[in-house]
Amino acid sequence: MDRIVLALRTFLRLALPYFRSEERWTARGLLAAVIGAELALVYVAVSVINWNARFFNALEGRDWDAFHAELIVFGFIIVGAILSGAAQYFFGQTLQIRWRRWLTANYVSQWMAQGRHYRVRVVAPNVDNIHLRIANDVYLFIQRTHELTTGLLGSIVALFSFAYILWGLSATTPIPGFADLKIPGWLIWAALTYAGIGTLIAHMIGWRLIPLNFNQQRYESDFRFAIVRAADHSEPIALMKGEPVEREELRHRFSNLVGNWTRLVATQTRLVGFIGGYAQASTVVPILIVSPAYLTGAIPLGSLMQAALAFPKVEGAFAFCISSYGKIAEWKAMVDRLWQFEEAMRAVDASRAHTTGAIAVARQPQESVDVSGISIRLPDGSVIAGLPSLSLRPGDRVMITGPSGSGKSTLFRALTGLWPAGSGRVVFPVDGDVLVMPQRPYFPLGTLRTAITYPQPDEELTDDGIVTALEDVGLPHLASRLDEEADWSVLLSGGEQQRVGIARALLRKPNVLLFDEPVATLGDASGRDLYKMLLDRLPDAVVMTIDRREVLREFHHKVVELEVEGTGLPHSRPDIRPLAIQPA
């Protein structure tokens, strides 16, 4: 029982925000329309059952006038069924579209902000494939919620509506074998007993569907992620002839998917088989229960047909969980996955909000960039890098160097507040624009113009400015392709990509520039010329550059050298010791 309450409470925390959002009146109106249409469908079903009683009584009595009148009534029932069914579908789908649009936008805005999409990988690494939870699980959650809630509502209304019919029939229908025994509403109790037995058996068969559905979504996401990643890195895979390794990884992930899918199908098969037999039995059981009363002349044919139609409706309302067990299991898996996402986002914010165990990044009305007491740690508390103190004025240039694994790139993550664990403080100018350029430039989807201006919106820059930047970095041949859409991370060489990174810095003109290996793929001479041009164009910017090869050493005022003090073992975790800042 506690698990049911917890599941419902979690569901409400996921669902209610939309109905309290800025779209609340539209959302509530659509929900009311869906409920109204569902009630209309139940009313149509009740009308059909009552019509059957009158129609078969007219047949039994050979009453032509009543027969003709009931045919006209049936025509109106058909029109009502068409209108209510169409309304239920239209309003239901419209609600799903708007709800999914709002919830997806809300999740994307949470995930793709303040570095959460990166930090969550460190803070909550067990929450896998968040991007696919947003893209796929949100839709399935809303779809299954709509199906189950409308089905449950219809079942509740049908229960009371058709129970009223059965209650009246129970008064005139004797219990088989006990003609003198009168139990008020005994047909309702019979339907309840029949549904209760069926629900118990269905639960015993299908309870494992919930964890199996959860794992199936995880394995599906893992496989999709792996195959998309292989496609995105097709060039290095082809050049290195790594196809056998990639095939084996894809085979392994798909084997997990198929194995879980096989167990899911086996469980679902048993449940489907039982539900199919139960459904077929449900069409005969009410007739078997009531037919003795008809054969003895206690009730007319119309009452027999009315009971035969009303009994499955009441039993079906009681047995809602049987017919919807598979959907309930899938819905519960979606609720758990989305709740994990929300919990992960809260964990990321909580890790940032802690005053201890985190690196504080602040903005103050000053011109300098001040670093004090930086100690970068892993979540388990072990130190991986550090920087005791550093103060940089506008125009200062600092080179960060050291062997591979000494924490150079991690230091940049810490300086911008992206790294979640550690201690120390970093202060940037309050109005200073900080731009961090990773070693491998990222290329978003879209046109070349979008790729070059990233992370600025391309409409904020003129074509002349973009073309000038391309010429300055030695890419004039790309000026005619600004509106061309392509996978630029594949079409552009490594050197061209790094030149685009420098063009972005020229267009952005930041106050603080953190550059990770800006010319690593370029020749030493051309790299130095390009870097010197960048510094000449940004004379007042504070520039911190990672340069492991030290080919740019001559352009910096200071050097921060990070050194590994390790055990020499290839897989040991090294301790990092920052050396004193020296003049270049």
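Each remark here, short or long, concerns the structure printed above.
Scope of this entry: the structure provided in the associated data block. Computed from a prediction, not measured in an experiment: that's the story for all the values here.

On to the sheet that holds strand β5 (residues 422-429), then. Spatial strand order, β1-β5-β2-β3: four strands in an open sheet with mixed pairing. Where the open sheet ends on each side, the last strands, each with one partner, are β1 (360-364) and β3 (383-392). Each strand of the sheet is rotated relative to its neighbour by a mean of 15 degrees, with strand direction disregarded. Note that β1 and β5 share five bridges and pair parallel. Note on β5: the bridge partner recorded for V361 is V426. Packing against the sheet, helix α13 (residues 408-415) makes contact with β1, β2 (369-377), β3 and β5, and its axis sits at approximately 120 degrees to β2.

Moving on, we get to the packing of aromatic side chains. If you walk through the whole model with that rule in mind, you get 16 aromatic pairs. Seen in terms of ring centroids, Y18 and W99 are 6.0 Å apart; in terms of plane orientation they differ by 10 degrees. Their pairing is stacked. On the criterion of sequence distance, the pair formed by Y18 in helix α1 (residues 2-19) and W99 in helix α3 (residues 64-111) is long-range, its members being 81 residues apart. By relative accessible area, which is 0% here, Y18 ends up buried. For W99, a relative accessible area of 6% corresponds to the buried category. Cluster of aromatic residues (ring-pair linked, three or more members): F11, Y18, F19, W99, W102, F141 and W331.

The rules behind these values
- Residues numbered from 1 in each chain as written.
- Predicted model: local features only at pLDDT ≥ 70, side-chain atom pairs only at ≥ 80, totals over all residues.
- Heavy atoms only, no water.
- Pairing = 2+ DSSP bridges.
- Helix = DSSP H or I, 4+ residues; strand = E, 2+ residues; numbered from the N terminus.
- Axes fitted to C-alpha atoms, helices over the stretch in contact; angles between N-to-C directions.
- Contact = heavy atoms within 4.5 Å.
- Phe/Tyr/Trp six-rings, centres within 6.5 Å; stacked < 30°, edge-to-face > 60°.
- Buried < 20%, exposed > 50% of the residue type's maximum accessible area, 1.4 Å probe, protein only.

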